[in-house]
Amino acid sequence: MPKRKIPRQQQPPAPVQKSNIFALGRVAEESRVAFLPMVRVELLSNKQAVVDGCRGILEYSDTCIRLSADRLIVKFTGHDLEIKCLTDSGAVIEGCLLAVEYQ
């Protein structure tokens, strides 16, 4: 007579440790931001620049605008340049932009 196998008791599977991918993304973003200057320049064609992280105006003419940022200076050159909007932390520059320099 063949032996019957006695089934073992079913144990629930051990809980799987899930890593929180969003927490890892936040840690990576925070460490990346710690090493970068806090200035963001967005160019819309060669007609407009939006600067976030601006601390003040260093030079202002219709051919050159220099803005102080966290640890650097952003220089815009062109013609018919003007600051359309200026806040505590940002600026909008319009005109014909020919160059953007980081000093």
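Criteria and cut-off values
- Residues numbered from 1 in each chain as written.
- Predicted model: local features only at pLDDT ≥ 70, side-chain atom pairs only at ≥ 80, totals over all residues.
- Heavy atoms only, no water.
- Helix = DSSP H or I, 4+ residues; strand = E, 2+ residues; numbered from the N terminus.
- Buried < 20%, exposed > 50% of the residue type's maximum accessible area, 1.4 Å probe, protein only.
- Contact = heavy atoms within 4.5 Å.
- Areas by Shrake-Rupley, 256 points an atom, 1.4 Å probe, with all protein chains shown as cover.
- Salt bridge = Lys/Arg side-chain N within 4 Å of Asp/Glu carboxyl O.

Points about the overall build of the protein
On a plain count of helices and strands, the protein comes out with one helix and six strands. For the protein, the α and β elements follow one another from N to C terminus as α-β-β-β-β-β-β. Counting the 103 residues in the protein, one finds 22% classified as buried. The contacts in the protein between residues at least 6 apart in sequence include a share of 41% that link residues at least 24 apart. Summed over all atoms, the accessible surface of the protein reaches about 8300 Å², with 56% contributed by carbon and sulfur.

Regarding the pattern of salt bridges
Using the criterion set out here, one finds four salt bridges in the structure. The salt bridge involving Arg40 is made with Asp52; its shortest N-O contact spans 3.9 Å. Of this pair, Arg40 sits in strand E1 (residues 40-44) while Asp52 is found in strand E2 (residues 48-52), placing the two residues twelve residues apart along the sequence. By relative accessible area, Asp52 is classed as partly exposed at 37%. Its salt-bridge partner being Glu59, residue Arg66 comes within 3.6 Å of it at the nearest N-O pair. Taking the relative accessible area as the measure of exposure, Arg66 reaches 21% and is therefore partly exposed. Three or more residues joined by partner-sharing salt bridges are found here, namely Arg40, Glu42 and Asp52.

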